[in-house]
Amino acid sequence: MIDVHALEYHAAHGCSLTCEQCSHYSNHRLGGSMPTPDQAAAEFATWSDRVRPRRFTVLGGEPTLNPHLVDLMKVVLRTWTGSRVMLVTNGLQLHRHPRLGPLLNHYGVDLDVSQHGTAPAYLEKFGEVLTLLDRWREMFPNVRVTVRDSWKFWMRQYHQEAGGKPQPFDSDPAAAHGICMQRTCTQLYAGRLWKCPAVAYFDKLDEKLGGVGEEWEPFRRYEGLGGDATADQVREFFEDVPIDQCRLCPSTRIPHPHPDPTSLPVI
């Protein structure tokens, strides 16, 4: 068993918001099928007896879009018993899962709710989320609720002109890796391990946009790590070092404006 910092798993690829420059590409409405509990269990089985993450995070996209979220979380909690489990959500659909609060409370799960801006229309909706979280804190004291100002740390992930397709940066890989905020965000997707969301879900972006250009070829040929990897290959994979694909990411943190994520057009 190899101890690792973290693993992350998409309960849904789509999202109820359209935050520009989303590092998971969810603003492009990736959609597609959402994993069932049985599918998640099969994916987890490939790695659960090989790696032991200190933290296992369920996120998206927006995980609460998955109608099977509660049962999927049960699979997570049964499988990753040695990990601190976290659920990351924008909170807007939490009320649709009445069985979720009791489950998270029973297991003492971290609930990380991300605030995605300060636009008035959005804040009106997010105010309802905060009211719900106040009730949850009283009803479910074992749930560690955190409201995170995600919007304050957003940065440009790629170039994009209005109406155009995303274009990558041309960076020094070490410099890009040095400022990366997702260096420990290993994704478990399609039964394989991926260094970060940018490479994990690129195939879905490429398909959705009908191909985004040959400049993205380093992302396109990235295959992740399969279950047939040796222990040495797994250890090497988790080393905190740049990979060739890092050169398509920014090497400096370029702040990005934060318009209303409830009203942006789908691009």
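A few points on the structure. (Residues numbered from 1 in each chain as written. Predicted model: local features only at pLDDT ≥ 70, side-chain atom pairs only at ≥ 80, totals over all residues. Heavy atoms only, no water.)

Moving on to the packing of aromatic side chains. What the rule picks out here adds up to 14 aromatic pairs. An angle of 70° between the planes, with centres 5.8 Å apart, marks the rings of Phe44 and Trp80 as edge-to-face. Taken together, the positions of Phe44 in helix α1 (residues 37–45) and Trp80 in the loop between α2 (69–79) and β3 (84–89) put the pair 36 residues apart, joining distant regions of the chain. Owing to a relative accessible area of 0%, Phe44 belongs among the buried residues under this scheme. Residue Trp80 is classed as buried on the basis of its relative accessible area, which comes to 3%. Measuring from ring centre to ring centre gives 5.7 Å for Phe202 and Phe219, while their planes differ by 80°; the resulting arrangement is edge-to-face. Pair noted here: Phe202 is in helix α7 (residues 202–208) and Phe219 is in helix α8 (residues 217–220), with a separation of 17 residues, a long-range link. Per residue, the accessibility class of Phe202 equals that of Phe219, and both read buried. Taken together through their ring pairs, the aromatic side chains of Tyr9, Phe44, Phe56 and Trp80 make up a single cluster. The ring of Phe237 has Lys195 sitting right over it, with the charged end atom 5.2 Å from the ring centre. (Phe/Tyr/Trp six-rings, centres within 6.5 Å; stacked < 30°, edge-to-face > 60°. Helix = DSSP H or I, 4+ residues; strand = E, 2+ residues; numbered from the N terminus. Buried < 20%, exposed > 50% of the residue type's maximum accessible area, 1.4 Å probe, protein only. Lys NZ or Arg CZ within 6 Å of the ring centre and 35° of its normal.)

What follows concerns the pairing of β3. Where burial is concerned, most of β3 is hidden: five out of the six residues are buried. Relative to β3, strand β2 (residues 51–59) is paired through four bridges, and the arrangement is parallel. Its bridge partner being in β3, Phe56 is matched across the sheet by Val85. Note that β3 and strand β4 (residues 110–114) share four bridges and pair parallel. Bridged to Val88 within β4 is Asp112. (Pairing = 2+ DSSP bridges.)

The interhelical angle for the contact between α2 and helix α3 (residues 100–107), taken along N-to-C directions, is 15°, at an axis separation of 10 Å. Classified by the angle their axes make, α2 and α3 are roughly parallel. Between α2 and α3 the crossing geometry is left-handed. When α2 is examined against α3, the residues Leu69, Val70, Met73, Lys74 and Leu77 are found in contact with a partner set consisting of Leu100, Leu103, Leu104 and Tyr107. Looking at the contact of α2 with α3 residue by residue, the class counts come to eight nonpolar, no polar and one charged. (Axes fitted to C-alpha atoms, helices over the stretch in contact; angles between N-to-C directions. Parallel < 35°, antiparallel > 145°, perpendicular 65-115°, else oblique. Left-handed = near helix turned anticlockwise from the far one by under 90°. Contact = heavy atoms within 4.5 Å. Nonpolar A, V, L, I, M, F, W, Y, C, P; charged D, E, K, R; others polar.)

Once that is clear, we can look at the nonpolar core. In this structure, Met73 and Leu111 are the most contacted members of the largest nonpolar core, which totals 68 residues. No other element matches α2, which puts seven residues into this core. For Met73, the contacting residues outside a window of four places in its chain are Val58, Val85, Leu87, Leu100, Leu103, Leu104 and Val109. (Core = buried A, V, L, I, M, F, W, Y, C linked by side-chain atoms within 4.5 Å.)

This part covers the environment of Pro261. Along the chain, Pro261 turns up in the segment after α9 (231–237). Distance in space between the C-alpha atoms of Pro261 and Cys15 is 11 Å, their sequence separation being 246 residues.

This paragraph deals with the pairing of β4. In the case of a regular strand, side chains alternate between the two sheet surfaces. Buried residues dominate β4, accounting for five of its five residues. One crossover worth recording links β3 to the parallel β4 by way of α3, and it is right-handed. Note that β4 and strand β5 (residues 144–148) share five bridges and pair parallel. Within β5, the position partnered with Asp110 by the bridge is Arg144. (Right-handed = clockwise from strand over helix to strand, strands pointing away.)

Here we take up the state of the cysteines. In protein chemistry, a disulfide is the covalent bond that joins the sulfur atoms of two cysteines. The full count for this structure, using the stated rule, is zero disulfides. Here Cys15 stays free of any disulfide, with the sulfur of Cys19 as its closest cysteine sulfur at 6.2 Å. Cys15 gets classed as buried once you look at its relative accessible area, which sits at 16%. Free of any disulfide, Cys180 has its nearest cysteine sulfur in Cys196, 6.2 Å distant. (Disulfide = S-S within 2.5 Å.)

By the burial criterion, the buried members of α2 are Leu69, Val70, Leu72, Met73, Val75, Val76 and Leu77. Check the buried side of α2 and you find it contacts β1 (2–10), α1, β2, β3 and α3.

Our focus in this paragraph is the pattern of salt bridges. Across all of its chains, the model carries 14 salt bridges by this definition. Between Asp71 and Arg99 there is a salt bridge whose closest N-O contact spans 3.8 Å. You can see Asp71 sitting in helix α2 and its partner Arg99 sitting in the loop between β3 and α3, a full 28 residues away along the chain. Taking relative accessible area as the criterion, Asp71 reaches 30% and is therefore assigned partly exposed. (Salt bridge = Lys/Arg side-chain N within 4 Å of Asp/Glu carboxyl O.)

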